[in-house]
Amino acid sequence: MKALVISGGGSKGAFAGGVAEYLICEQHKKYDIYIGTSTGSLLISHLALGKTQELKALYTGVNQKTIFSNDPFRIKKVHGEKVVTINHFHVLWNFIRKRKTFGESYNLRKLIRNNIRESYFKQLQDSDMDLVVTVSNLTLNEIEYKSINDWSYVEFCDWIWASCNYVPFMSLYEKDNCQYADGGFGCLVPIREAIRRGATEVDVIILDTEVTHYNRLPVKNPFSLISHIFDFTLEHVEKHNVTIGKLAAKNKGVSLNMFYTPSVLTTNSLIFDQKKMTAWWQEGFEYAAKKFHEQTDPVRFDN
């Protein structure tokens, strides 16, 4: 069985889309299992159906307004460069309304339902493929994996939304007396879950560089401090997930093919810039092509 695993990474998901387009359209790869975390969960439905161009149009056409119903960030240009600051009015408005988060992402929820149509959902449920999204259950302190085969159309769309909600900047999803957030908080790269579900060959797209290439600037406000703490935590979660995944692959004799970003795409993946995301998609496609040209055989971990 073959599996495609896509990590979290916000706007960097455009790069993953480019890599996946090359794998599916140029290498003609067919997967039995698709597992995504956060932005990865947004990609897998269209990829499983081979609708890469539709997905590309979606990913290269979003902006802050299509994601946030209340954007906690303000983007302004300083000396020609985009700088992210706090939108104090929007954050205060959320506090006044007694919301649990700084910002809200109900526009993303609408975007998911508008683009992952019910006909797509039924087609996927009737297929032999399994689509799985990763969510973090903050109430039970557990990582949960939600398969398309276990839920209704509306419920599965909401699990995708929950997997993408990078709290406290985005909405908190509540269901059955539990609160859910971005799957990346618990499992950013779910390689082991793909192997547990029977995969014997796994292509893994990790939306980060293999080695850290930069030092962060000193924090200037509480938002940037929270962001830095999360980035620090998620980077170590990612490394842990990859290490565990490699060990699981070695024990089971599973073939792993890893795709990292060759450079630092952005230091704030919650900023959705159409021009940059279009370039990242193309960069992902070209990177995958170059990787296959240089090395046609995947890395294998045998007993």
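Since the structure is predicted, the reported quantities are computational estimates derived from the model, not experimental observations. The written sequence of each chain sets the order in which its residues are numbered from 1. A pLDDT threshold of at least 70 governs which residues receive local features in this predicted model, and a stricter bar of 80 or more applies before side-chain atom pairs are shown or counted, although totals over entire chains, interfaces and linings include all residues. Hydrogens and water molecules were not included; the side-chain quantities draw on all heavy atoms of the structure.

Explain the environment of Leu58 here, please?
Considering the arrangement of structural elements, one finds Leu58 in helix H3 (residues 52–59). Between the C-alpha atoms of Leu58 and Leu43, which are 15 residues apart in sequence, the distance is 10.0 Å. Ignoring anything within four residues of it in the chain, the contact list for Leu58 reads Leu111 and Asn115. Numbering of helices and strands starts at the N terminus; helices are DSSP runs of H or I of at least 4 residues and strands are runs of E of at least 2. Working rule for contacts: check all heavy atoms of both residues, and any pair within 4.5 Å makes them a contact.

How do you make sense of the environment of Phe156 when you look at a structure like this?
Here Phe156 shows up in helix H8 (residues 153–164). On the accessibility criterion, Phe156 (1% relative accessible area) is buried. In the structure, Phe156 is positioned 89 residues away from Gly245 in sequence and 26 Å away in space, judged by C-alpha atoms. Setting aside anything within four residues of it in sequence, one finds Phe156 in contact with Ser45, Phe121, Leu131, Val133, Lys146, Ser147, Ile148 and Trp151. The classification of residues rests on relative accessible area computed with a 1.4 Å probe and restricted to protein chains. Under 20% of the type maximum is buried, over 50% is exposed, and intermediate values are partly exposed.

Is there a simple way to think about the pattern of salt bridges in this case?
Two side chains of opposite charge can pair, provided their charged atoms sit close to one another. Definition used for salt bridges: Asp or Glu carboxyl oxygen within 4 Å of a side-chain nitrogen of Lys or Arg. Under the definition given, this model contains 13 salt bridges. In this structure, the salt-bridge partner of Asp203 is Lys29, at a minimum N-O distance of 3.0 Å. With a gap of 174 residues between them, Asp203 in strand S9 (residues 201–206) and Lys29 in the loop between helix H1 (13–26) and strand S2 (33–37) connect regions that are remote in the sequence. The buried category is assigned to Asp203, whose relative accessible area is 2%. The salt bridge involving Lys146 is made with Glu144; its shortest N-O contact spans 2.7 Å. As far as the burial class goes, Lys146 and Glu144 line up, both buried. One connected set of salt bridges, linked through shared partners, spans Asp130, Glu193, Arg196 and Arg197.

Help me understand the nonpolar core, please; the structure alone is not making it clear to me.
Inside soluble globular proteins, nonpolar side chains tend to come together where they are buried. Leu4, Tyr34, Leu47, Leu108, Leu131 and Ile205 are the most contacted members of the largest nonpolar core, which has 69 residues in total. With residues up to four places along the chain from it excluded, the contact list for Leu47 reads Leu4, Ile6, Ala20, Ile24, Tyr34, Thr52 and Leu55. By nonpolar core we mean a set of buried residues, namely Ala, Val, Leu, Ile, Met, Phe, Trp, Tyr and Cys, connected to one another through side-chain atoms within 4.5 Å.

What am I meant to see in the packing of H1 against H3 here?
Relative placement of two packed helices is described by the angle separating their axes and the distance separating the axes. Comment: axis = line fitted to C-alpha atoms, over the contacting stretch for helices; angle = value between 0 and 180 degrees taken between N-to-C directions. For the pair H1 and H3, interaxial distance at closest approach is 10 Å and the crossing angle is 170°. By the angle between their axes, H1 is roughly antiparallel relative to H3. Note on element contacts: H3 touches H1 through Thr52, Gln53 and Tyr59, opposite Gly13, Ala14, Glu21 and Cys25. When an angle is under 35 degrees it counts as roughly parallel; over 145 it counts as roughly antiparallel; between 65 and 115 it counts as roughly perpendicular; any other value is oblique.

How should a nonpolar patch on the surface be read in this particular structure?
Together, Phe89, Leu92, Trp93, Phe95 and Ile96 give the surface a local cluster of nonpolar side chains, amounting to about 570 Å² of exposed area. Along the chain, Trp93 falls in helix H5 (residues 88–96). Each patch is built from salt-bridge-free residues with over 30% relative accessible area, joining like charges within 9 Å and nonpolar side chains (Val, Leu, Ile, Met, Phe, Trp, Tyr) within 5 Å. Each accessible area is a Shrake-Rupley estimate made with a 1.4 Å probe; only the visible protein chains count as cover when residues are assessed.

Is there a simple way to think about the pairing of strand S10 (residues 255–260) in this case?
The side chains of a regular strand alternate between the sheet's two faces. Of all six residues that make up S10, six are buried, and the element is covered over most of its length. Side chains Ser255, Asn257 and Phe259 of S10 all project onto a buried face; the interleaved residues Leu256, Met258 and Tyr260 project onto the opposite face, where all are buried too. When S9 meets S10, the two strands line up parallel, connected through six bridges. Directly across from Asp203, in S10, lies its bridge partner Asn257. Pairing between strands is defined by DSSP: at least two bridges between the two strands are required.

I tried to follow H3 on my own but got confused; where do I start?
For an α-helix the count is 3.6 residues per turn, leaving residues at separations of three or four pointing the same way. Listing the buried residues of H3 in full gives Thr52, Leu55, Leu58 and Tyr59. Relative to the axis of H3, the buried residues are bounded by an arc of 120° and lie together on one face. Each element contacted by the buried residues of H3 is listed here: H1, helix H2 (39–48), helix H6 (106–115) and helix H11 (274–294). Comment: arc refers to directions from the helix axis out to C-beta atoms.

Would you mind going over the packing of aromatic side chains with me for this structure?
In summary, the pairing rule links any two rings of Phe, Tyr or Trp, Trp by its six-membered ring, whose centres are within 6.5 Å, and it sorts them by plane angle into stacked for under 30 degrees, edge-to-face for over 60 and tilted for everything else. Within this structure, the stated rule accounts for 22 aromatic pairs. For the ring pair Tyr31 and Tyr34, a centre distance of 5.6 Å and an interplane angle of 75° mean the geometry is edge-to-face. Given a relative accessible area of 3%, Tyr34 falls into the buried group. With a centroid separation of 5.4 Å and 40° between ring planes, the pair formed by Tyr106 and Trp161 is classed as tilted. Within this pair, whereas Tyr106 is found in helix H6, its partner Trp161 is found in helix H8, the two being separated by 55 residues in sequence.

I keep staring at unusual backbone geometry and nothing clicks. Help me out?
The phi angle of most residues is negative, glycine excepted, and most peptide bonds adopt the trans form. Backbone torsion omega between Val167 and Pro168 reads 5°, so that peptide bond is classified as cis. Of note in the backbone geometry, His28 takes a positive phi value of approximately 55° without being a glycine. For His28, a relative accessible area of 59% puts it in the exposed group. Positive phi, normally seen in glycine, also occurs at Asn141, with a value near 60°. The residue Asn141 is located in the loop between strand S5 (130–137) and strand S6 (142–147) in this model. Asn141 sits in the exposed class, given a relative accessible area of 69%.

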